[in-house]
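Notes for the structure review
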Amino acid sequence: MSDLFEASGIHPPDAPLADRLRPATLDEVVGQDHLLGEGGPIRRMIEAGRLGSMILWGPPGTGKTTIARLLAKAAGYQYQQISAVFSGVADLKKAFEQARMRRAAGQSTLLFVDEIHRFNRAQQDGFLPFVEEGVVTLVGATTENPSFELNGALLSRSQVFVLKRLDDAALDQLLSRAEAHEDRPLPLTPEARHALTALADGDGRYLLTMAETLFALPPEPVLDVQALAGTLQRRAPAYDKSREEHYNLISALHKSVRGSDPDAALYWLARMLNGGEDPLYLARRIVRMAVEDIGEADPLSILVANAAKETYDFLGSPEGELALAQAVVHLSTAPKSVGVYEAYKAAKRAAAETGSLMPPAHIRNAPTKLMKSLGYGKGYQYDPDTETGFSGANYFPDEMERRTFYKPKGEGHEAKIKERLEHWAAMRAEIQATKGE
């Protein structure tokens, strides 16, 4: 019965508001003008009169299913939909056979596959011959990064279009349509109306679901922000700790710290904690920031980062989260240097290149008489006993030229280190010159 309603463009009276307000044409789709507007890639396909297979990638409630249905309508294709959550191999075979029969009758098929990333790799491979032969035009919808979840072969035969989360203007447009449909305004103050769009978090379907709840209330009293919060249950923000969103947000946090922006760093920290991220994962990443991006420019940073982890272990949430916030602010405002980080990478490359070169004899360990007779430890100078506290001796293998790995730029504490290293380099050159005379 629902299929009959959909085919006729009529929605049953008890259908959810989001279904009753589904766009009837692509021009009515909001928030995706970069794809559907003048000059957009999907718009160009329609104008050319031929659709190509595509993957629609975007957050929930941004119009993926609606766009697929309207594409079929605009191009004159037969629309067929399956869901990877509920369908198996038998359903796919049936869908392909039906499409082949339509093709023989001169009718093209747009096969819409919802949650396409849930099909395994072998099932995804099953699409390839039917897409290549033109039996179906595939439109897959996914909330996950196609680069990680879909076969390369399938991606190579499809265009990936990224749908944006709906901005405030698009969400407000949906609310206006809902009010026109219901022939009355939402019982909200302007501030509460703005709070409602914020609660939707870019999800148009969720916004209309909340609006439907509000339309069921009496028109009086008009709800303010506090009353709205008491009426609607705030959902958890879109955040999956094992998926791409996790990596996007931790990247944003790390780069905000590296970019010396404590305000942005605190925002991303709060986003991750609100989304349910493990605080100890964040603590480990904060320690990594201290050693990777700050290093000797502010040696206290590693102590602050470790102390934040210990404090969280002691206090737990929510009090311990403040220690993580303090560490993030400290690291964001600290001078930055990748001197140690780059030096260690360079040293690792040199170690791999030079293999098993032995230390020079004068700094080898000589615990036995045999070793001493072989010259181990001979000529070693104990630097603290020298007049200047610096012997200028060579500590690299004899077969290896001296290299400079650590190159401090002079930020923060490293300014003193740089000055000291330059002084020692001059002394070393002078000592070596004297020995060469």
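Residues numbered from 1 in each chain as written. Predicted model: local features only at pLDDT ≥ 70, side-chain atom pairs only at ≥ 80, totals over all residues. Heavy atoms only, no water.

As a reminder of what qualifies: UniProt positions are given in the numbering used here, feature names are shortened, and annotations may be inferred rather than shown by experiment.
Under an unreviewed UniProt entry, the name given to the protein chain is Replication-associated recombination protein A, and the source organism is Brevundimonas staleyi. As recorded by UniProt, the Sequence similarities (unreviewed entry) comment attached to the protein chain reads in full: "Belongs to the AAA ATPase family. RarA/MGS1/WRNIP1 subfamily." Its UniProt record gives the protein chain a comment under Function (unreviewed entry), which states: "DNA-dependent ATPase that plays important roles in cellular responses to stalled DNA replication processes."

1. Quick notes on the side chain of E292
In plain terms, the rule: A run of DSSP states H or I qualifies as a helix once it reaches four residues; a run of E qualifies as a strand once it reaches two. Both are numbered from the N-terminal end. Partly exposed residues are those whose accessible area sits between 20% and 50% of the maximum for their type, while under 20% is buried and over 50% is exposed, using a 1.4 Å probe and protein chains only. For the purposes of these results, a polar contact is taken to be a pair of N or O atoms within 3.5 Å, where, inside protein, one atom must be able to donate a hydrogen and its partner to accept one; residues adjacent in sequence count only when each atom of the pair is a side-chain atom.
Tracing the sequence through the fold places E292 in helix 17 (residues 279-294). Here E292 falls in the buried class, since its relative accessible area comes to 10%. Among the polar contacts made by the side chain of E292, one reaches the side chain of R258 at a distance of 3.2 Å. Here R288 takes part through its side chain, which lies 2.8 Å from a polar atom of the side chain of E292.

2. Things to note about the UniProt feature "domain: AAA+ ATPase" (unreviewed entry) in the protein chain
Per the UniProt record, the feature "domain: AAA+ ATPase" (unreviewed entry) sits at residues 50-166. The span residues 50-166 is 40% helix and 22% strand, and its two end C-alpha atoms sit 28 Å from each other.

3. Brief notes about a nonpolar patch on the surface
What counts here: The patch calculation keeps residues exceeding 30% relative accessible area without a salt bridge and links them within 9 Å when they carry like charges or within 5 Å when they are nonpolar (Val, Leu, Ile, Met, Phe, Trp, Tyr). Note on areas: these come from Shrake-Rupley sampling with a 1.4 Å probe, and a residue is covered only by the protein chains present in the view. The salt bridge criterion pairs a side-chain nitrogen of Lys or Arg with a carboxyl oxygen of Asp or Glu, the two atoms within 4 Å.
On the surface, Y380, Y382 and Y395 cluster together into a nonpolar patch covering about 340 Å² of accessible area. Mapped onto the secondary structure, Y382 falls in the loop between helix 21 (369-373) and helix 22 (414-436).

4. Notes on the environment of P335
Rules: Working rule for contacts: check all heavy atoms of both residues, and any pair within 4.5 Å makes them a contact.
For P335, the location among the structural elements is in the loop between helix 19 (321-333) and helix 20 (339-354). Remark: the alpha-carbon pair of P335 and G410, spanning 75 residues in sequence, is separated by 9.8 Å. In this structure, P335 is in contact with I294, A297, D298, E411 and G412, ignoring residues within four places of it in sequence.

5. Examining the sheet that holds strand 1 (residues 54-57)
Worth spelling out the cut-off: Whether two strands pair depends on DSSP finding at least two bridges between them. What counts as an axis is a line fitted to C-alpha atoms, over the stretch in contact for a helix, and the angles between N-to-C directions run from 0 to 180 degrees.
What the five strands build is an open sheet, ordered 2-3-4-1-5; its pairing is parallel. Looking at which strands have only one partner, the edges of the open sheet turn out to be strand 2 (78-83) and strand 5 (159-162). For this sheet the average axis-to-axis angle between neighbouring strands, irrespective of direction, equals 20°. Pairing between strand 1 and strand 5: four bridges, direction parallel. Its bridge partner lying in strand 5, I55 is registered against V160. Together, strand 2 and strand 3 (109-114) form the strand contacts of helix 6 (residues 89-104), whose direction differs from that of strand 2 by roughly 175°.

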